[in-house]
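Below are the chains, spelled out letter by letter.
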Amino acid sequence: MIEITIDSEYIKLDQFLKLADLASTGGHAKFLILEGLVKVNGELETRRGKKLRPQDVVEVEGKIIKVV
């Protein structure tokens with residue numbers, strides 16, 4: 001599991017996907033989310049603006065990343 005540190009209280013899911021290099025652009029992040037390829041804490045997530053906080057776990061196409 002990879003860990004990505006954020007410097008604020010939360011980060012939006014689409015921004016996090018770009019920060020973690022899981023999406024190359026905002027459009028790519030939107031595509032991944034809307035196609036049902038993103039899980040947050042084991043649950044399918046379809047909201048680009050979902051706020052991620054430390055300890056949340058994001059899974060995209062078998063890659064698992066924890067927010068710290």
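Residues numbered from 1 in each chain as written. Predicted model: local features only at pLDDT ≥ 70, side-chain atom pairs only at ≥ 80, totals over all residues. Heavy atoms only, no water.

Q: Help me out: how do you make sense of the environment of Leu-52 in this one?
A: Among the structural elements, Leu-52 can be located in strand β5 (residues 51-52). A residue is classified by how much of its surface remains accessible, and Leu-52, at 0% relative accessible area, is buried. Taking the C-alpha atoms as reference points, Leu-52 and Val-38, 14 residues apart in sequence, are found 13 Å from one another. Once you skip the residues sitting within four places of it in the chain, Leu-52 turns out to touch Ile-6, Glu-9, Tyr-10, Ile-11, Leu-13, Phe-16, Val-40, Val-58 and Val-67. (Helix = DSSP H or I, 4+ residues; strand = E, 2+ residues; numbered from the N terminus. Buried < 20%, exposed > 50% of the residue type's maximum accessible area, 1.4 Å probe, protein only. Contact = heavy atoms within 4.5 Å.)

Q: Help me understand helix α2 (residues 26-34), please; the structure alone is not making it clear to me.
A: Because each turn of an α-helix spans 3.6 residues, side chains separated by three or four positions end up pointing in the same direction. Of all the positions in α2, only Ala-29, Leu-32 and Ile-33 are classed as buried. All buried residues of α2 fall inside an arc of 95° around its axis, so they share one side. Away from its buried face by more than 90 degrees, α2 exposes Gly-27 and Leu-34. Taken from the residues just after α2, Gly-36 is the one with a positive phi, measuring 80°. (Arc of directions from axis to C-beta.)

Q: What am I meant to see in the packing of aromatic side chains here?
A: Any two aromatic rings considered together are summarised by their centre-to-centre distance and by the angle between their planes. All chains considered together, the criterion is met by 0 aromatic pairs. A cation over a ring is seen here: Lys-51 above Tyr-10, with NZ or CZ 4.6 Å from the ring centre. (Phe/Tyr/Trp six-rings, centres within 6.5 Å; stacked < 30°, edge-to-face > 60°. Lys NZ or Arg CZ within 6 Å of the ring centre and 35° of its normal.)

Q: Looking at this model, I keep getting lost on the sheet that holds strand β7 (residues 63-67). Mind explaining?
A: A sheet is described by the order of its strands in space; here 5 strands give the open sequence β1-β7-β6-β3-β4, paired in mixed fashion. A strand with exactly one partner marks an edge of an open sheet, and here the two such strands are β1 (2-4) and β4 (43-44). Pairing geometry for β1 and β7, over 3 bridges, is parallel. If you follow Ile-4 over to β7, its bridge partner there is Val-67. (Pairing = 2+ DSSP bridges.)

Q: When you look at the side chain of Glu-45 in this model, what are you seeing that I'm missing?
A: Structurally, Glu-45 can be placed in the loop between β4 and β5. The class for Glu-45 is buried, based on a relative accessible area of 8%. For Glu-45, the side chain forms a polar contact with the side chain of Arg-47, separated by 2.7 Å. In this structure, Glu-45 is in contact with Leu-13, Ile-33, Val-38, Lys-39, Val-40 and Lys-50, ignoring residues within four places of it in sequence. (Polar contact = N/O pair within 3.5 Å; in protein donor to acceptor, adjacent residues only side chain to side chain.)

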